[in-house]
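Results of the structural survey
These are the residues of each chain, in order.
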2 protein chains.
Amino acid sequence: MNEAAVKTIVTRVLKNLKSIVKIPIGVSNRHVHLTEADFQKLFPGKKQLTVKKELSQPGQFAANESVTVIGPKGEIGKLRILGPFRSNSQVELSATDARTIGVKAPIRLSGDISGTPGIVLRSPYGELQLEEGVIVAKRHIHMSENDASLLGLKQGDVVAVEASGDGRKIVFNDVVIRTGSRFNLEMHIDTDEANAGNITSAVIGRFI
Amino acid sequence: MNEAAVKTIVTRVLKNLKSIVKIPIGVSNRHVHLTEADFQKLFPGKKQLTVKKELSQPGQFAANESVTVIGPKGEIGKLRILGPFRSNSQVELSATDARTIGVKAPIRLSGDISGTPGIVLRSPYGELQLEEGVIVAKRHIHMSENDASLLGLKQGDVVAVEASGDGRKIVFNDVVIRTGSRFNLEMHIDTDEANAGNITSAVIGRFI
């Protein structure tokens, strides 16, 4: 068998394998990640976030602490802080949220905040001006390097995922693969995307 | 040539034709349609809506008049009234809006409001309890019967439309064809769906 024939078979096997993988879909509500320093400016005297709920990705959690996000056209309260602390503070809003408060947030992958708008956060103790960091999260799938390898995928690849929500079946293209040794397989979308697909906890994604 | 062969050719021609049709996409913000009686309860002494802006479908318009929609968990102001009057009052919200005000609105085609939740509307002059009529609009394409016929489609057919919004390319399945002699070709989606596809006025839909 020549190399081309092997490649064809491998491509077909990978396609079949991908077609049977069920991708859990996690819907991210608006939230904020903070640096330790920014947290301590907003919550003076507190050293650490307190855990309200563990999230599906190991080590990640929703904190009891929340803030209000204040834009030029409005504000939204109870913006959940997610832990642990990060090296850059980042506010993740849906495009609906961003419009509501009047901030032009670009669609970016988490961490890619260069040149994004700033915003004001308010805690019960005071306000903090972030110079940048407001994004609408780009849809993505977390998976381990091992899972990615089995599926013929790697960090940064772009895939399409179909979700069969009742009455609003949808295909999300432009879904970015994000690998990490501790990542569990899970697609992350925001509330606008979940609503567009009528995606409840019962709805599973599939590669197409 | 036998009948099967003709059918195959016709199917192929229709598919090709559909693939070159550009579908303008209109994004419907939250709005309300009112009966004449409900309007006059909310705006006593006024006989008729006043036109703020003609809409893309002939005879349809956004009125200068607006109301506030009040749910158990919150309210949203400046809910635009669309004219002309209808035989039933109907509130169309995005799923994001519905959650914000705490109403469980089902995904329904316009007009199909039997068994849907009621809601309170408030004008500058008073409040009105609607007994039913809150929906999240099911995505659909308006077209004339003639256009539908050319495309091998008819009222009630369900199609898939791809939209290539920057960074959020998407395929909307479960798109219902709605024909009417005066309808202009246009797909209607709500703000959640537009945001999920990053759909701006420059983005065109295509049948797939």
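Predicted, not measured: the structure shown is a model, and the values here were computed from it. (Residues numbered from 1 in each chain as written. Chains lettered and ligands numbered in written order. Predicted model: local features only at pLDDT ≥ 70, side-chain atom pairs only at ≥ 80, totals over all residues. Heavy atoms only, no water.)

Right, let's get into the overall build of chain A. A tally of helices and strands in chain A yields 5 helices and 15 strands. Seen along its three principal axes, the alpha-carbon backbone of chain A occupies a region of about 70 × 35 × 30 Å. Counting only residues that meet the buried cut, chain A has 48% of its 208 residues in that class. Accessible area of chain A: about 10300 Å², with a carbon and sulfur share of 51%. Averaging the locations of the 27 positively and 22 negatively charged side chains of chain A gives two centres separated by 4 Å. (Helix = DSSP H or I, 4+ residues; strand = E, 2+ residues; numbered from the N terminus. Buried < 20%, exposed > 50% of the residue type's maximum accessible area, 1.4 Å probe, protein only. Areas by Shrake-Rupley, 256 points an atom, 1.4 Å probe, with all protein chains shown as cover. Lys, Arg positive; Asp, Glu negative; His and termini not counted. Charge placed at Lys NZ, Arg CZ, Asp CG, Glu CD.)

The next point concerns the relation of the copies chain A and chain B. Once chain A has been moved 0.0 Å along the axis and rotated by 180°, it coincides with chain B to within an RMSD of 0.0 Å. What the superposition gives is, in effect, a two-fold axis relating one chain to the other. In this assembly the copies share their binding face: 100% of the residues contributing to the interface of chain A also contribute to that of chain B. (Least-squares fit on C-alpha atoms with pLDDT ≥ 70 in both. Contact = heavy atoms within 4.5 Å.)

Turning our eyes to something else, we now look at the pairing of strand S3 (residues 51-54) of chain A. With 3 bridges connecting them, S3(A) and strand S4 (residues 61-71) of chain A associate as antiparallel partners. Paired with A:Val51 across the bridge in S4(A) is A:Ala63. (Pairing = 2+ DSSP bridges.)

By the definition in use, this model includes 20 salt bridges over all chains. For A:Arg30, the salt bridge is made with A:Asp97, and the minimal N-O distance between the two is 2.9 Å. In this pair, A:Arg30 is assigned in the loop between strand S1 (23-28) and strand S2 (31-33) and A:Asp97 in helix H3 (residues 95-101), connecting sequence segments 67 residues apart. A relative accessible area of 3% places A:Asp97 in the buried class. When the shortest N-O distance is used, the salt bridge between B:Glu65 and B:Lys46 registers 3.8 Å. Linking B:Glu65 in strand S4 (residues 61-71) with B:Lys46 in the loop between helix H2 (36-42) and strand S3 (51-54), this pair joins segments that are 19 residues apart in sequence. (Salt bridge = Lys/Arg side-chain N within 4 Å of Asp/Glu carboxyl O.)

Looking now at the domain arrangement of chain A. Residues and elements named next belong to chain A. Partitioning chain A into structural domains gives domain 1 (22-26 + 139-207) and domain 2 (29-136). When each unit is reduced to the centre of its C-alpha atoms, the spacing between domain 1 and domain 2 is 23 Å. Between domain 1 and domain 2, the contact holds 12 residues from the first and 12 residues from the second. Across the domain 1 to domain 2 interface the summed buried area is about 950 Å²; carbon plus sulfur atoms make up 44%. (Domains from an automatic or database assignment. Buried area = accessible area lost by both parts, 1.4 Å probe.)

Take the interface of chain A and chain B next. Taken together, the contact pairs 23 residues of chain A with 23 residues of chain B. Overall, the association of chain A and chain B removes approximately 1900 Å² of surface from exposure, summing both partners, and the carbon and sulfur fraction of that is 46%. Three residues, A:Ile107, A:Arg168 and A:Lys169, lead the burial of chain A against chain B; their summed loss comes to 29% of the area buried on that side. Summed over the shared surface of chain A and chain B, the result is 4 salt bridges. For A:Arg168, the salt bridge identified is with B:Glu193, shortest N-O distance 3.3 Å. Summed over the shared surface of chain A and chain B, the result is 25 residue pairs in polar contact (both at pLDDT 80 or more). If you list the elements that add at least two residues to the side of chain A that touches chain B, you get H3, strand S10 (134-137), strand S13 (170-179) and helix H5 (191-196) of chain A. Among the elements that line the side of chain A that touches chain B, the one with the most residues is S13(A), at 5 residues. (Polar contact = N/O pair within 3.5 Å; in protein donor to acceptor, adjacent residues only side chain to side chain.)

As a further point, take the packing of aromatic side chains. Ring pairs (aromatic) are described by centroid distance and by the angle formed between their planes. Residues and elements named next belong to chain A. Going through the model one piece at a time under the given rule, you end up with 6 aromatic pairs over all chains. Ring centres 5.3 Å apart and planes at 40° place the aromatic pair phenylalanine 39 and phenylalanine 85 in the tilted group. Note that phenylalanine 39 is positioned in helix H2 (residues 36-42) and phenylalanine 85 in the loop between strand S5 (74-83) and strand S6 (90-92), a separation of 46 residues in sequence. Each member of the pair, phenylalanine 39 as well as phenylalanine 85, is classed as buried. Note on phenylalanine 43 and tyrosine 125: the rings are 5.7 Å apart at their centroids and 70° apart in plane angle, and the pair reads as edge-to-face. (Phe/Tyr/Trp six-rings, centres within 6.5 Å; stacked < 30°, edge-to-face > 60°.)

Let us now look at the environment of A:Glu145. Residue and element names in this part refer to chain A. Mapped onto the elements of the fold, glutamate 145 is located in helix H4 (residues 145-150). Overall, the relative accessible area of 40% leaves glutamate 145 in the partly exposed class. Counting along the chain gives 110 residues from glutamate 145 to threonine 35, while the straight-line C-alpha distance between them is 27 Å. Apart from residues no more than four positions distant in its own chain, glutamate 145 is found in contact with Thr179, Gly180 and Ser181. Side-chain polar atoms of glutamate 145 contact the backbone nitrogen of serine 181, separated by 3.0 Å.

Counting 44 residues, the largest nonpolar core has A:Ile141, A:Met187, A:Phe207, B:Ile141 and B:Phe207 as the members making the most contacts within it. Not counting residues within four places of it along the chain, the set of residues in contact with A:Phe207 comprises A:Lys18, A:Ser19, A:Val21, A:Ile23, A:Ile141, A:Met143, A:Leu151, A:Leu153, A:Val159, A:Ala160 and A:Val161. Formed by 27 residues, the second largest nonpolar core is a distinct cluster that contains B:Leu42, B:Ile76, B:Ala95 and B:Ala98. (Core = buried A, V, L, I, M, F, W, Y, C linked by side-chain atoms within 4.5 Å.)

Our focus in this paragraph is the confidence of the model for chain A. When pLDDT is averaged along chain A, the result is 96, and 100% of the positions lie at 70 or above. At the level of chain-chain contacts, confidence expressed as ipTM amounts to 0.93, with global pTM at 0.94. (pLDDT = per-residue confidence, 0-100.)

Its place among the elements puts B:Asn173 in strand S13 (residues 170-179). For B:Asn173, a relative accessible area of 16% corresponds to the buried category.

With that out of the way, let us pick up helix H1 (residues 3-20) of chain B. Over its 18 residues, H1(B) runs 26 Å from end to end, which matches the ideal 26 Å to within 8%, given 1.5 Å per residue. Where H1(B) begins, the capping side chain belongs to B:Asn2, and its oxygen is found 3.3 Å from the backbone nitrogen of B:Ala4. (Expected span 1.5 Å × (residues − 1).)

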